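Examining the three-dimensional arrangement
Residues per chain are reported as follows:
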Amino acid sequence: MSDLICVGSVAGSFGVRGEVRLKSFCAVPEDIELYSPLTDETGTRRFPIVLTRAIKNGFAAHLGGVETKEEADALKGLRLYTQRNRLPSLPDDEFYHTDLIGLEVFDTGGTLLGKVISVQNHGASDLLEIGGATLKSPVLLPFTQAAVPTVDLDQRRIVADPPEGLF
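Residues numbered from 1 in each chain as written. Predicted model: local features only at pLDDT ≥ 70, side-chain atom pairs only at ≥ 80, totals over all residues. Heavy atoms only, no water.

**Details of the side chain of Thr39**
By the element assignment, Thr39 lies in strand β3 (residues 38-39). Not counting the four nearest positions on each side in its chain, Thr39 is found in contact with Leu4, Arg45, Arg46, Arg79, Leu80 and Tyr81. (Helix = DSSP H or I, 4+ residues; strand = E, 2+ residues; numbered from the N terminus. Contact = heavy atoms within 4.5 Å.)

**Quick look at the packing of aromatic side chains**
Summed over the entire model, instances satisfying the criterion amount to one aromatic pair. Between the aromatic rings of Phe95 and Phe143, the centroid separation amounts to 6.2 Å while the plane-to-plane angle is 55 degrees, which identifies the pairing as tilted. Remark: Phe143 occurs in the loop between β11 (139-142) and β12 (150-152) and Phe95 occurs in the loop between β7 (79-83) and α2 (97-100); sequence separation between them is 48 residues. When the ring centre of Phe106 is taken as reference, the NZ or CZ atom of Arg157 above it lies at 4.2 Å. (Phe/Tyr/Trp six-rings, centres within 6.5 Å; stacked < 30°, edge-to-face > 60°. Lys NZ or Arg CZ within 6 Å of the ring centre and 35° of its normal.)

**Observations concerning the nonpolar core**
By size, the foremost hydrophobic cluster in this structure holds 22 residues, and its most contacted members are Val10, Leu22, Ile32, Leu38, Leu63, Leu75 and Leu80. Elements with a contribution of two residues or more to this core: β1 (4-14), β2 (19-24), β5 (49-55) and β6 (58-63). In contact with Val10, not counting residues within four places along its chain, are Val20, Arg21, Leu63, Ala72, Leu75, Lys76, Gly77, Leu78 and Leu80. With 16 residues, the next largest nonpolar core counts Leu103, Val116, Leu135 and Ile158 among its residues. (Core = buried A, V, L, I, M, F, W, Y, C linked by side-chain atoms within 4.5 Å. Buried < 20%, exposed > 50% of the residue type's maximum accessible area, 1.4 Å probe, protein only.)

**Overview of the UniProt feature "domain: RimM N-terminal" (unreviewed entry) in the protein**
The residues that UniProt annotates with the feature "domain: RimM N-terminal" (unreviewed entry) are residues 6-85. Note that residues 6-85 is 8% helix and 46% strand, and that its end C-alpha atoms are spaced 13 Å apart. (UniProt positions renumbered as here; feature names shortened; annotations may be inferred.)

**So, the pattern of salt bridges**
A complete count under the given rule lists three salt bridges for this structure. Between Glu19 and Arg53 there is a salt bridge; the shortest N-O distance is 3.2 Å. Residue Glu19 is found in strand β2, and its partner Arg53 is found in strand β5; the two are separated by 34 residues along the sequence. Note on Arg53: relative accessible area 39%, which makes it partly exposed. (Salt bridge = Lys/Arg side-chain N within 4 Å of Asp/Glu carboxyl O.)

Take a look at the structure:
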């Protein structure tokens, strides 16, 4: 498991004074400010952040070292990370998305279905995007207790009971 967890991303500039549009991936979106300073994915660039106001789909924020609109524009798409140990512990039935990506997915009979490519959420609940050599295209598996009864992070595997006809 990675020591860095992605908690947000820069969606572009906001205004002309170097503010950025910040998307928060935290359960409580405002909590992203609590983990400041954030880093890039390598952990080498550090960005102290200050949220200035809520805007549509995120926040306007100041990132340390960003003074102009051009500097803010250059950071568009930057994913922002914090150390895992700075985040709250999760209950047994909750997981950070980064911990699920790459896990092998088996059916209840032990047949390998594929690997988790990504975790998506389109409003209702999380979906695991499963890909693999035996699949023509990725499959979206509902991440529910019924469809995914077992997640074993120690063994890096998931046991799934997918709806009929999904795989």
